[in-house]
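# Survey of secondary and tertiary structure
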Amino acid sequence: IVNPAGSQGSRFLMVSVAVETPDARMEETLRGRESQIRDVVISMLEKQTMETLGIDGIRDSLKAQLSDTISIIVGTKTKLRVFLPQFVIQ
């Protein structure tokens, strides 16, 4: 849960993030970096404005950005598939 940029705390974005892993080893690596990944996700999402969050296709753009960033954090050249099963703007 984050407050989008410029919302002065009056609006929020609630998102859940799921990452598909190719194997158990990568899943373990993701779990080991969970705090770092959560921090990066929160930082990226709280920079978004309400206007930006209303753009058609923003979820796909955010998933691509998250995939790139998480792949770098865990040190894989293979892009990880990221899903946003919950994406609520209030």
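Here the structure is a predicted model, which means the values were calculated and not measured.

### Observations concerning the layout of surface pockets
Taken as a whole, the largest pocket spans an internal volume of roughly 510 Å³. Where the lining of the largest pocket is concerned, the elements lending two or more residues are β1 (13-20), α1 (24-32) and α2 (34-46). Among the residues forming the lining of the largest pocket, the class breakdown is 13 nonpolar, two polar and four charged.

### Let's talk about the nonpolar core
In this structure, L13, I37, L45, L62, L66, I70 and F87 are the most contacted members of the largest nonpolar core, which totals 20 residues. Taken together, the elements giving at least two residues each to this core come down to β1, α1, α2, α4 (58-74) and β2 (81-89). For this core, the element with the highest residue contribution is α4, accounting for six residues. Setting aside residues no more than four positions away along its own chain, L66 makes contact with V17, V41, M44, V82 and L84.

### Thoughts on the side chain of S71
In this fold, S71 is placed in helix α4. There is a polar contact of 3.2 Å between the side chain of S71 and the backbone nitrogen of L80. Those residues in contact with S71 that lie beyond four places of it in its chain are T76, T78, K79 and L80.

How each quantity is defined
- Residues numbered from 1 in each chain as written.
- Predicted model: local features only at pLDDT ≥ 70, side-chain atom pairs only at ≥ 80, totals over all residues.
- Heavy atoms only, no water.
- 1 Å grid on protein atoms, 1.4 Å probe; cavity = no way out; pocket = protein on both sides within 12 Å on 5 of 7 lines; lining within 4 Å.
- Points joined across faces, edges and corners; volume = space filled by probe spheres on them.
- Helix = DSSP H or I, 4+ residues; strand = E, 2+ residues; numbered from the N terminus.
- Nonpolar A, V, L, I, M, F, W, Y, C, P; charged D, E, K, R; others polar.
- Core = buried A, V, L, I, M, F, W, Y, C linked by side-chain atoms within 4.5 Å.
- Buried < 20%, exposed > 50% of the residue type's maximum accessible area, 1.4 Å probe, protein only.
- Contact = heavy atoms within 4.5 Å.
- Polar contact = N/O pair within 3.5 Å; in protein donor to acceptor, adjacent residues only side chain to side chain.

Nothing here speaks to function; it is geometry throughout.
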